[in-house]
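Tertiary structure, described
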Amino acid sequence: NLDVSKIKISERIERLDYPIRKYNALARSLEEKGEKVIYLNIGDPLKYDFQPPRELIEEACRALQEGHHYYSSSEGLKELREAIAYKEKTWNKVDIDPKNILVTNGVSEGINTLYAALVNEGDEVLIPDPSYPLYINFADFYDARKVFYRTIEEEGWIPDIDDMRKKITEKTRFIVVNNPHNPTGAVYPKKVLQDILDLAAEYKLPVVSDEIYDAMVFNTEFHSVASLAKSDNIVIGMNGFSKTYLATGWRLGYIYLKGPEEEIANIRTAFLGFLMTRLSAVTPLQVAVARAVYKTGSHLKELVSKLDERRRYSAKRLREIPGFSLPVEPKGAFYVFPRVDLKMNDEEFARQLLLDEKVFVVYGSGFGPLGTNHVRLVFLPPVDVLEEAFTRIERFMRKISS
């Protein structure tokens, strides 16, 4: 018989920690006991009252009926890459050659591809603090050193360019920009993005721009990094259809490359080499999205309007609850990242809130050092659900403060 005591788990896998889903099992166990858990942890609009555009669903049914059940090319279907180029041009004023677009199983796989292809042991990656956890996790997974650059909470979590400059070394491989930003909801001004591009060009570093929430902005203007790039910049764009097309479970994302052809050709080859190992993204859904991109977009106005109402309500309620502070409201995505005055650390706060009041939020320290003493909440649920959630949160805050 196999002696399972001799089976060792890799040290690499033990480095992974995904705070957003860490307490899922605890939440499910509470539900199994009959408790009603309010989930404010996962950025999934489809768990609430949102649905994909009708045209997208119709094209998916059509693609399945037509028999698109085969493997596609590892870089993605040509017609989808052409549709993505159209979308980036019309939405974000970015010109991309379809050959420089690679289709991924969500942006998550795009981030994995980025690290697998461009990072060696001991290399450094410059990421925002706070940061989406996968940029932290994959640095650890691939034996790289994650270097956090400061974002300034009082100014709406805008990057500190001086701090970014101080942290560039000869081992830095790329600069990550996440805009609109997860977890804070920040949307970066044009001047800040231009300063980042100038800094990157000075040190000949690629800018990795994660723009998955590009159309989800409130009372402000979104600027794509690639639309501002100069001829000597290399931009690695990360985007997809999960959020703005309300198709999280379809797992369709993409990477695009913009810059001097001789530079990006090598990056494209490296990325494709990694993507070949997983064969391809889901073919019928690629066909569906490729067709629907030209027909959709009208859903965004209603989507942003619904989110804006919930954003404003959430910011108002958080500012009314003793112990929370929110210097600047989120301007994009669907997250709010308040500071909490705690008698416990933020992870224990999130766990205890789930146990006592059955409200599931994410502890801020999971997003980086500056996330300490914060929590991330989604404002995706309808206002009546948010009202119940904030009533429970306020009750909890009063209890732990007494």
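Structure shown above.
To start, this report covers the structure provided alongside it. (Residues numbered from 1 in each chain as written. Predicted model: local features only at pLDDT ≥ 70, side-chain atom pairs only at ≥ 80, totals over all residues. Heavy atoms only, no water.)

Points about the sheet that holds strand β9 (residues 253-258)
- Taking strand neighbours across the sheet as the criterion, the eight strands line up as β2-β9-β8-β7-β6-β3-β4-β5 in an open arrangement whose pairing is mixed. Strands at the two margins of the open sheet, each flanked by one partner only, are β2 (101-104) and β5 (158-159).
- Pairing of strand β4 (residues 145-152) with β5 involves two bridges; the strand directions are antiparallel. Paired with Ile-152 across the two strands is Ile-158, which belongs to β5.
- Across the sheet, helix α8 (residues 190-202) lies against β5, β6 (172-178), β7 (207-210) and β8 (235-240), angled at about 170 degrees from β6, the strand it touches most. (Pairing = 2+ DSSP bridges. Helix = DSSP H or I, 4+ residues; strand = E, 2+ residues; numbered from the N terminus. Contact = heavy atoms within 4.5 Å. Axes fitted to C-alpha atoms, helices over the stretch in contact; angles between N-to-C directions.)

Notes on helix α2 (residues 24-32)
- Every buried residue belonging to α2 is among Asn-24, Leu-26, Ala-27 and Leu-30, and all of these are buried. Buried residues along α2 cover an arc of 165 degrees about the axis, so they all sit on one side. Relative to its buried face, α2 has exposed residues pointing more than 90 degrees away, namely Ala-25 and Glu-32.
- Summarising the contacts, the buried residues of α2 are in contact with β1 (38-39), α13 (346-357) and β13 (359-360).
- Remark: Gly-34 follows α2 within two positions and exhibits a positive phi of approximately 95 degrees. (Buried < 20%, exposed > 50% of the residue type's maximum accessible area, 1.4 Å probe, protein only. Arc of directions from axis to C-beta.)

Describing the pairing of β9
- Among the six residues of β9, five are classified as buried, and the element is accordingly described as predominantly covered.
- Sheet topology note: the β2/β9 ladder contains four bridges and is antiparallel. The partner of Leu-102 across the bridge, within β9, is Ile-255.
- For β8 and β9, the ladder comprises six bridges, and the chain directions are antiparallel.

Points about the pairing of β7
- Neither face of β7 is open: one carries Val-207 and Ser-209, the other Val-208 and Asp-210, and all of them are buried.
- Direction of pairing for β6 relative to β7: parallel, over a ladder of four bridges. Following the sheet pairing, Val-176 is matched in β7 by Val-208.
- With respect to chirality, the unit in which β6 leads through α8 into the neighbouring parallel β7 is right-handed.
- Judged from the four bridges that link them, β7 and β8 form a sheet pairing that is parallel. Note that in β8 the partner of Val-207 across the bridge is Val-235. (Right-handed = clockwise from strand over helix to strand, strands pointing away.)

What to know about the packing of aromatic side chains
- Using the criterion set out here, one finds 21 aromatic pairs in the structure.
- Ring geometry for Tyr-213 against Phe-334: centres 5.3 Å apart, planes inclined by 90 degrees, an arrangement best described as edge-to-face. Here the residue Tyr-213 occupies a position in the loop between β7 and α9 (225-228), and Phe-334 occupies one in the loop between β10 (324-325) and β11 (335-336), the gap between them amounting to 121 residues.
- Note on Tyr-213: relative accessible area 3%, which makes it buried.
- Overall, Phe-334 belongs to the buried group, its relative accessible area being 0%.
- An aromatic cluster is built from Tyr-115, Phe-138, Phe-141, Tyr-142 and Phe-174, whose rings are joined through pairwise contacts. (Phe/Tyr/Trp six-rings, centres within 6.5 Å; stacked < 30°, edge-to-face > 60°.)

Quick look at the packing of helix α5 (residues 106-118) against helix α10 (residues 261-275)
- Between α5 and α10, the least distance of the axes is 9 Å, while the angle of their chain directions is 115 degrees. Crossing of α5 over α10 shows right-handed handedness. Contact residues: α5 offers Glu-109, Asn-112, Thr-113, Leu-114, Ala-116, Ala-117 and Leu-118, while α10 offers Ala-270, Phe-271, Phe-274 and Leu-275.
- In terms of residue class, the contact of α5 with α10 is built from eight nonpolar, two polar and one charged. (Left-handed = near helix turned anticlockwise from the far one by under 90°. Nonpolar A, V, L, I, M, F, W, Y, C, P; charged D, E, K, R; others polar.)

Notes on the sheet that holds strand β14 (residues 362-363)
- Ordered in space as β11-β15-β14, the three strands form an open sheet in which the pairing is antiparallel. On the outer flanks of this sheet lie β11 and β14, each paired with one strand and no other.
- The pairing of β14 with strand β15 (residues 375-378) spans two bridges and is antiparallel. Note on β15: the bridge partner recorded for Tyr-363 is Val-375.

Topic: a nonpolar patch on the surface
- Together, Ile-9, Ile-13 and Leu-16 line one region of the surface with nonpolar side chains, adding up to about 260 Å² of accessible area.
- Within the secondary structure, Leu-16 is located in the loop between α1 (11-14) and α2.
- According to the relative accessible area criterion, Leu-16 is partly exposed, its value standing at 34%. (Patch = residues over 30% accessible without salt bridge, like charges linked within 9 Å, V, L, I, M, F, W, Y side chains within 5 Å. Areas by Shrake-Rupley, 256 points an atom, 1.4 Å probe, with all protein chains shown as cover. Salt bridge = Lys/Arg side-chain N within 4 Å of Asp/Glu carboxyl O.)

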